[in-house]
There are 2 protein chains.
Amino acid sequence: MKLHVSPDTFPPRGHEAKRISIVDAAAGVFCREGFAGANIDLIAAEAGVSRQTVYNHHGDKEKLFVAVVRDLTERCNTGIFATIATFPDQPKDLEADLIGFAVRLNQNCICNRDGKFLRKLIQTEGERYPELFAEWREQGPGRTWPAIAARFARLAYGGYLAIEDPDVAARQFLGLVNAELQTTFMLGGTPREDEVLQSATNGVRTFLRAFGKRRSATSVEKQAALASA
Amino acid sequence: MKLHVSPDTFPPRGHEAKRISIVDAAAGVFCREGFAGANIDLIAAEAGVSRQTVYNHHGDKEKLFVAVVRDLTERCNTGIFATIATFPDQPKDLEADLIGFAVRLNQNCICNRDGKFLRKLIQTEGERYPELFAEWREQGPGRTWPAIAARFARLAYGGYLAIEDPDVAARQFLGLVNAELQTTFMLGGTPREDEVLQSATNGVRTFLRAFGKRRSATSVEKQAALASA
DNA sequence: GACGAATTAGACAAGAGTGTCTAAATTTAT
DNA sequence: ATAAATTTAGACACTCTTGTCTAATTCGTC
């Protein structure tokens, strides 16, 4: 009968810590080298662990890969939902608030370590593991897109936007907001902070020209004028 | 003194044919398996050639890879410029013409074999060969983006669009038009024809809501009305 | 300090892949 | 038909990697 002091994990503390550092290191190596090029010895070294420990924890290379993808998907989802929670429901300044949201989404979910890694793995190994990435598609985009669309729908319902199809609007919003980062994303790079802001600003302005209730593009000035009235 | 009957290639005819079939097969294998996972024996088999012939033509695996990327970049550029030549300069029906252009760009440059392969190679190996893909960036996006932007600038100058920055507008146009294909592209898939059309239609409508000279979204009806007047 | 579990280093077999070499067969043009 | 060039099949050495095994060591806990 074993009653541990710490109730959250039954294997000893160092055990789980190693498991995480292995998955972390593996994510990095799989991304850099691809599945075929990834070397278990290198993963072990980067995790600060012996090769045998990698096998003890994860069985073999393929199981380790699956663990990496599941881990990244989960962490990215958490980040995205946390960011969606900051979506402006009752915006003071619609343009500024949407730009802020877009920048947060980029910085916290798309350009950060996890987002970059997951994207790369999907691109490089997506075709080789159809089932695994079908699972990702359900758990990831399948859950996050509707959540984002719902926020745009609410904004439309509140009279802030004139959109017909919230799903289309949500996808177009992200397409616009990332329009100037595509080449960088393609090459696996991380855009600078000012590039992200620039792309988001231009994207949101165009989005509001298309869907904003007020006709003019410079809604900021308009709203400032309204506020002072 | 050798005067050949066919003036275009000095090595015998079958020679060049084999070189091409090797590069073609290599493109497919590199894309499916990644650089590390690609197997020279397999490439030779798919090219219908012995392994030694691959080495005779291209030296080693890395040189073969470079040849593949250069080939794809060149062929894709050709396709893109050919499609840019069909850009509507004096549109009869702006919405329909832009949708047509977007669909052609997708079908002939982005979703075809070469486009799909090049994109995949850039995504998977871009970080490992910085110089090679810097070259791609110059020869590819570096030449095609300005050409597309110039077409939008002309359209604005002709009074068909109200855009401030043609470069931004060009990138946003493509972002919008491909907004609904992103997940498919990520996984290396090829969208169906109707999906391409749908995404293009939605994208162009939003684009014209933002940048069209006439306020309403249904510019088709408006123009019909004008024509009948 | 002592116990048990986890980790480590290192050796190991088995397999796969690259790039070279050679001698035979085939193609191409004269 | 013949000569030159190219292609082919197969063997080869070499390297690298995976996954297993074992014996020694370290770690966490009582």
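Residues numbered from 1 in each chain as written. Chains lettered and ligands numbered in written order. Predicted model: local features only at pLDDT ≥ 70, side-chain atom pairs only at ≥ 80, totals over all residues. Heavy atoms only, no water.

## Side note on the overall build of chain A
When helices and strands are tallied, chain A shows 12 helices and zero strands. Taken from N to C terminus, the helices and strands of chain A fall in the order α-α-α-α-α-α-α-α-α-α-α-α. Sorting the 229 residues of chain A into buried and exposed places 48% on the buried side. Taking as baseline every contact in chain A between residues at least 6 positions apart, the subset at least 24 positions apart corresponds to 67%. In the form shown here, chain A has an accessible surface area of approximately 11400 Å², with 54% of it arising from carbon and sulfur atoms. (Helix = DSSP H or I, 4+ residues; strand = E, 2+ residues; numbered from the N terminus. Buried < 20%, exposed > 50% of the residue type's maximum accessible area, 1.4 Å probe, protein only. Contact = heavy atoms within 4.5 Å. Areas by Shrake-Rupley, 256 points an atom, 1.4 Å probe, with all protein chains shown as cover.)

## Focus on the environment of Asn-39 of chain A
Residues and elements named next belong to chain A. Looking at the secondary structure, you find Asn-39 in the loop between α1 (13-37) and α2 (40-47). A relative accessible area of 38% places Asn-39 in the partly exposed class. Asn-39 sits 13 residues away from Ala-26 along the chain, and the two C-alpha atoms are 9.1 Å apart.

## Describing the protein's contact with DNA strand D
Neighbouring DNA strand D are 17 residues; Ala-38 and Gln-52 of chain A together with Ser-50, Arg-51 and Thr-53 of chain B lie closest to it. Take the atoms of DNA strand D that sit within 4 Å of the protein: sugar and phosphate atoms are 71% of them. Here a phosphate oxygen of DNA strand D sits 2.9 Å away from a polar atom, N or O, in the main chain of Ala-38 of chain A. Between DNA strand D and Ile-40 of chain A there is a distance of 3.2 Å, counted from a phosphate oxygen to a backbone nitrogen or oxygen. Contributing elements (two or more residues each) for the surface near DNA strand D: α3 (51-58) of chain A together with α1 (13-37) and α3 (51-58) of chain B. Tallying contributions element by element places α3 of chain B first for the surface near DNA strand D, with four residues. In the surface near DNA strand D, the residues fall into four nonpolar, eight polar and five charged. (Near = heavy atom within 4 Å. Polar contact = N/O pair within 3.5 Å; in protein donor to acceptor, adjacent residues only side chain to side chain. Nonpolar A, V, L, I, M, F, W, Y, C, P; charged D, E, K, R; others polar.)

## Regarding the interface of chain A and chain B
Contact with chain A, which involves 40 residues of that partner, is made by 40 residues of chain B. Note on chain A versus chain B: buried area summed over both sides is about 3600 Å², and carbon and sulfur give 54% of it. A per-residue breakdown of the area chain A buries against chain B is headed by Met-186, Leu-187 and Arg-209 of chain A, which together make up 20% of the total. Two residues, Arg-171 of chain A and Glu-180 of chain B, come together in a salt bridge whose shortest N-O distance is 3.9 Å. Our count for the chain A to chain B interface comes out at 16 residue pairs in polar contact (both at pLDDT 80 or more). If you list the elements that add at least two residues to the side of chain A that touches chain B, you get α1, α6 (113-125), α7 (130-139), α8 (141-157), α9 (166-177), α10 (182-186) and α11 (193-211) of chain A. (Buried area = accessible area lost by both parts, 1.4 Å probe. Salt bridge = Lys/Arg side-chain N within 4 Å of Asp/Glu carboxyl O.)

## Notes on empty space enclosed by the protein
Enumeration according to the criterion identifies three cavities of 30 Å³ or more in this entry. Surrounding the largest cavity, 23 residues form its lining, Glu-33, Gly-34 and Glu-125 of chain A together with Gly-34 and Glu-125 of chain B being those nearest its centre. Elements represented by at least two residues in the lining of the largest cavity include exactly α1 and α6 of chain A together with α1 and α6 (113-125) of chain B. Among the elements that make up the lining of the largest cavity, the one with the highest residue count is α1 of chain B (eight residues). The class makeup of the residues in the lining of the largest cavity is seven nonpolar, six polar and 10 charged. (1 Å grid on protein atoms, 1.4 Å probe; cavity = no way out; pocket = protein on both sides within 12 Å on 5 of 7 lines; lining within 4 Å. Points joined across faces, edges and corners; volume = space filled by probe spheres on them.)

## Some words on the protein's contact with DNA strand C
Residues in close proximity to DNA strand C total 17 residues, the closest being Ser-50, Arg-51 and Thr-53 of chain A together with Ala-38 and Gln-52 of chain B. Sugar plus phosphate: this is where 71% of the atoms of DNA strand C within 4 Å of the protein reside. Between DNA strand C and Ala-38 of chain B, the relevant distance is 3.0 Å, taken from a phosphate oxygen to a main-chain nitrogen or oxygen of the residue. With four residues, α3 of chain A is the largest single contributor of residues to the surface near DNA strand C. When its residues are assigned to classes, the surface near DNA strand C shows four nonpolar, eight polar and five charged.

## Observations concerning the UniProt feature "DNA-binding region" (unreviewed entry) in chain A
Annotation from UniProt places "DNA-binding region" (unreviewed entry) at residues 39-58 of chain A. What you have in residues 39-58 of chain A is 80% helix and 0% strand, and the ends, taken at the C-alpha atoms, are 15 Å apart. (UniProt positions renumbered as here; feature names shortened; annotations may be inferred.)

## Let's talk about the relation of the copies chain A and chain B
Rotating chain A by 180 degrees and translating it 0.0 Å along the rotation axis places it on chain B, where the RMSD comes to 0.1 Å. Such a combination of turn and shift is consistent with a two-fold rotation axis. A shared binding surface is used by both copies, with 100% of the interface residues of chain A retained as interface residues in chain B. (Least-squares fit on C-alpha atoms with pLDDT ≥ 70 in both.)

## A closer look at the pattern of salt bridges
According to the stated counting rule, one finds 40 salt bridges over all chains in the structure shown. Two residues, Lys-120 of chain A and Glu-127 of chain B, come together in a salt bridge whose shortest N-O distance is 2.4 Å. Placement of the pair is Lys-120 of chain A in helix α6 and Glu-127 of chain B in the loop between α6 and α7 (130-139), with the two residues belonging to separate chains. Looking at Glu-127 of chain B, the relative accessible area reads 39%, which means it is partly exposed. Taken together, the shared-partner salt bridges in this structure form one network comprising Glu-16, Arg-19, Asp-24, Asp-71, Arg-75 and Asp-114 of chain A.

## As for the confidence of the model for chain A
Residues and elements named next belong to chain A. Per-residue confidence for chain A averages 89 on the pLDDT scale, and 87% of its residues sit at or above 70. Low pLDDT, under 50, characterises residues 1-11; the stretch is placed with two contacts to residues that sit more than four places away or in other chains. Low pLDDT, under 50, characterises residues 215-224; the stretch is placed with 12 contacts to residues that sit more than four places away or in other chains. (pLDDT = per-residue confidence, 0-100.)

## A closer look at the packing of helix α4 (residues 61-84) of chain B against helix α8 (residues 141-157) of chain B
Residue and element names in this part refer to chain B. Where α4 meets α8, the axes come as close as 11 Å, and the angle between the chain directions of the two elements is 5 degrees. Between α4 and α8, the crossing angle belongs to the class labelled roughly parallel. From α4, Asn-77, Ile-80, Phe-81 and Ile-84 reach across to α8, where they touch Arg-143, Thr-144, Ala-147, Ile-148 and Arg-151. Classifying every residue of the contact of α4 with α8 by side-chain character gives five nonpolar, two polar and two charged. (Axes fitted to C-alpha atoms, helices over the stretch in contact; angles between N-to-C directions. Parallel < 35°, antiparallel > 145°, perpendicular 65-115°, else oblique.)

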